[in-house]
Amino acid sequence: MIENMLIQEAGILQWELRIFWVVVILYGLSAFFYLLHLFAPDRASGKIGSWTLRTAVLLHTGMILLRTYEGGRPPFQSLYESLSWFAWSTVIVYLYMERRWNRVFLPGLIVTIMATGGCLFALFTREPEINPLFPALQSNWFVPHVILAFLSYAVFVVSCAVEIIYVLLRPAVLKGKAKSYGLLPGNLEDFHRSAYNLVLFGYPLLTFGIVSGAIWADNAWGRFWSWDPKETWSLITWTVFTIYMHAMTIPKWRGWQASLFNILGFICMIMTFIGVSWLAKLFSIESLHIYAL
């Protein structure tokens, strides 16, 4: 009986890995077409990249549902699962925004590179086995805290992608040399403002993530805040995005100067998500969040 169950679980895991590899290949193909759109700015390559990405995210959704069924819980406990969820949620947010931009595809290059890299990192460096929840994660806060935190991360990735494209293309757009990318002087600032609107959406989610994490920590470890490296970097990320939103309200800072704070916030977010846990393990720094690796 137990042997049959183990064989069945191994079979499901093999199917999951096959689907995951197909998803990664499609993410990579999508990145290729977005890159082609950068060097040969016609709408066809951008549209192909977009449809390839939509196909990939549909398969990724199926894979996540399969793992949820297999594990009997949402799949974002281990770093393997978290990287997959991060890539999936980022692509979902990007595709929603791409429809609103209508004919602007270039941010998709940054998003697909992030998604492909995250998935490859998971596949090559982490084991895909499904384990029971760690005791510290067995809380009613687990699902809402993680889902909303990752949604804020996804929003910040897309916002950063917009800012990078804005900073790089703004001079060309103002000179009328970037029409093929779907950006014109008339819609450049609307495109730029979408990065700000994304942060306005993601900022409360990040705030909830920090507050709910503090409540969860008090339930699990008996204190709301311990200046754990991950807690500290989440606060740094929150502070940088606070500065960014303030900068966007000052007319003379609203251009590329504010964009730099957005990009810095993205770097801090990556440190919070992956960098801190990796450094803590590498240098044997005490951290209550080391289980995430």
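In this text the structure is predicted, and so the values were computed from the model without any measurement. (Residues numbered from 1 in each chain as written. Predicted model: local features only at pLDDT ≥ 70, side-chain atom pairs only at ≥ 80, totals over all residues. Heavy atoms only, no water.)

(A) View of the overall build of the protein chain. The number of helices and strands found in the protein chain is eight helices and zero strands. Starting at the N terminus, the α and β elements of the protein chain follow one another as α-α-α-α-α-α-α-α. Taken over the C-alpha trace, the protein chain has a radius of gyration of 20 Å; the compact-globule value for 293 residues is 19 Å, and the two agree within 12%. Referenced to the eigenvectors of the C-alpha coordinate spread, the extents of the protein chain come out at roughly 70 × 40 × 30 Å. (Helix = DSSP H or I, 4+ residues; strand = E, 2+ residues; numbered from the N terminus. Rg over C-alpha atoms; globule rule 2.2 N^0.38 Å.)

(B) Highlighting helix H4 (residues 107-125). A rise of 1.5 Å per residue sets the reference length of H4, with its 19 residues, at 27 Å; its end C-alpha atoms lie 27 Å apart and thus fit the reference within 8%. Listed in full, the buried residues belonging to H4 are Pro107, Gly108, Leu109, Val111, Thr112, Ala115, Thr116, Gly118, Cys119, Ala122 and Leu123. (Expected span 1.5 Å × (residues − 1). Buried < 20%, exposed > 50% of the residue type's maximum accessible area, 1.4 Å probe, protein only.)

(C) Quick peek at empty space enclosed by the protein. This model, assessed by the stated rule, comprises two cavities of 30 Å³ or more. What the second largest cavity holds in volume is close to 50 Å³. If you go around the second largest cavity, the residues you meet are Glu16, Met63, Ile64, Arg67, Pro75, Tyr80, Glu81, Ser84 and Trp85. Among the secondary structure elements, those contributing two or more residues to the lining of the second largest cavity are helix H2 (43-71) and helix H3 (79-101). Tallied by class, the residues present in the lining of the second largest cavity amount to five nonpolar, one polar and three charged. (1 Å grid on protein atoms, 1.4 Å probe; cavity = no way out; pocket = protein on both sides within 12 Å on 5 of 7 lines; lining within 4 Å. Points joined across faces, edges and corners; volume = space filled by probe spheres on them. Nonpolar A, V, L, I, M, F, W, Y, C, P; charged D, E, K, R; others polar.)

(D) Geometry of the layout of surface pockets. Counted as a void, the largest pocket has a volume near 250 Å³. The wall of the largest pocket is formed by Val93, Tyr96, Met97, Arg100, Trp101, Leu151, Val155, Asp190, Ser194, Asn197, Leu198 and Phe201. Looking at the lining of the largest pocket, the elements with two or more residues in it are H3, helix H5 (142-174) and helix H6 (185-221). Classifying every residue of the lining of the largest pocket by side-chain character gives eight nonpolar, two polar and two charged.

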